[in-house]
Amino acid sequence: MSRAFSIYLDAIRFLAALLVLFYHANWIYRPGILFTSLGHEAVVIFFVLSGFVIAYVAETRETDFRGFMVARGARIFSVAIPAIILTAGLDYAGFQIQDAAYPEGYRAWDYPAIRVITSSLFLNEIWMLGIQLFTNVPYWSLNYEVWYYVLFGILFFFEGRRRWIVFGLLCLFLGPKIVLLMPVWWMGVWVYRSQYLANLSRPAAWLCLLLSLLGGYWYVHVNMGQWGWDYLKQLMGPDWHLQLSFSRQFISDYYLGAILSLHFVGLRVLLARVEDLPQRVTATIRYLAGATFSIYLFHQPLLWFYNAVFFSVEEGIPRYLLVVPFTLVTVFILSTFTEKKKHLWKRWVEQGLQLLERTGARFRQSFAR
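Here is a short report on the structure shown in this document. The structure displayed is predicted, hence computed values, not measured ones.

**Observations concerning the packing of aromatic side chains**
In step 1: Inspection of every chain in the model, using the stated rule, returns 41 aromatic pairs.
In step 2: Both rings, one in Trp-27 and one in Tyr-106, keep their centres 5.4 Å apart while their planes meet at 85°; by these two values the pair is edge-to-face. Pair noted here: Trp-27 is in the loop between helix H1 (3-24) and helix H2 (39-60) and Tyr-106 is in the loop between helix H3 (65-97) and helix H4 (112-121), with a separation of 79 residues, a long-range link.
In step 3: According to the relative accessible area criterion, Trp-27 is exposed, its value standing at 52%.
In step 4: Residues Phe-47 and Tyr-144 carry aromatic rings whose centres are separated by 6.4 Å and whose planes lie at 25° to one another, so their mutual orientation is stacked. Here the residue Phe-47 occupies a position in helix H2, and Tyr-144 occupies one in helix H5 (residues 142-157), the gap between them amounting to 97 residues. Just as Phe-47 is buried, Tyr-144 falls in that class too.
In step 5: The structure contains a cluster of three or more aromatic residues connected by ring pairs, namely Phe-47, Phe-68, Trp-140, Tyr-144, Tyr-148, Tyr-149, Phe-152, Phe-156, Phe-157, Trp-185, Trp-186 and Phe-246.

**Topic: helix H14 (residues 292-309)**
In step 1: Between its first and last C-alpha atoms H14 spans 24 Å; for 18 residues at 1.5 Å apiece the expected length is 26 Å, and the two agree.
In step 2: By the criterion of burial, H14 is predominantly enclosed, with 17 of the 18 residues buried.

**Let's talk about the pattern of salt bridges**
In step 1: One pass over the structure, following the stated rule, counts five salt bridges.
In step 2: We note a salt bridge from Glu-104 to Arg-107, for which the minimum N-O separation is 3.8 Å.
In step 3: Classification of Glu-104 as exposed rests on a relative accessible area of 64%.
In step 4: Measuring nitrogen to oxygen at the nearest pair gives 2.5 Å for the salt bridge that ties Arg-115 to Asp-110.
In step 5: For Asp-110, a relative accessible area of 40% translates into the label partly exposed.
In step 6: The structure contains a network of salt bridges with shared partners spanning Asp-10, Arg-13 and Arg-286.

Reading guide: rules and limits
- Residues numbered from 1 in each chain as written.
- Predicted model: local features only at pLDDT ≥ 70, side-chain atom pairs only at ≥ 80, totals over all residues.
- Heavy atoms only, no water.
- Phe/Tyr/Trp six-rings, centres within 6.5 Å; stacked < 30°, edge-to-face > 60°.
- Helix = DSSP H or I, 4+ residues; strand = E, 2+ residues; numbered from the N terminus.
- Buried < 20%, exposed > 50% of the residue type's maximum accessible area, 1.4 Å probe, protein only.
- Expected span 1.5 Å × (residues − 1).
- Salt bridge = Lys/Arg side-chain N within 4 Å of Asp/Glu carboxyl O.

Function cannot be read off these values alone, since they describe shape.
Below is the structure:
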């Protein structure tokens, strides 16, 4: 992967995180512009990007399943565990400050122990479960993505029939919702691993880029996301459609995933020869992208908390211009203690894994006697 394309992916990652944040900020004030209406689409961007990046690191950095899962665990837990704690604390504090700041649909505070346990184990969305982490709605996608990591690791590092058996059993355990969106994630893997796509001619790359831009315009112009939602609802009926939760528009998500894949195919080839990038631009994008995961997992409870703090400020633009900037600043501060400390979390995950292995070995020895 060229340096220029890597920087571009970082910029897209940061942009996608902002799309999700501004989409959820619509509850506070709705600007009515396209940029604030693409929250679900941003998650599709994350899925395709994630598949591409995971395929890259598995091929270039991690050499076995254990190392792969330790690295992924450090990445995930460095933000997921703080997000669980932070969401609980902010929800409690914000509700005490001003309960009217929290819409009825976001008050998912019953059975707190169950919500914390399932969120910690990423089991919130298996089969027909739909367990929300208090006010933190965006946490749902982590309950998909973590399992995509595991499934990829099984296929990439296991050998023979065993990998397909384990892969199939895990898919059966996870259920239809997670499996339905898995092809979107695997599109990113396919883009990275395809030697044919990596060696396209520049005219073909320009064609891919043009088709992706036209396809993206068409997606927005005809409101394809809503079409995918409505078509599947008509096909399945409202009751079954409701059970699919965040996978309820997977048909249009497949289309969007394909368009994004075309985009990345084209730009990977076109940016391969770009060498000179301004250091200031590169450093800025890297810094912003370094807080992407924190923006995604922290922004929702922070938005509601600051909405409660500034509830006395006039509703609409005045409050919006306080809540959103405070949320962003807080996220960047928090990111210095979470994802930007992945090396510490990697050490802790490794130590925890070694402890489990030693405990398991002692148990097997005791059982053998």
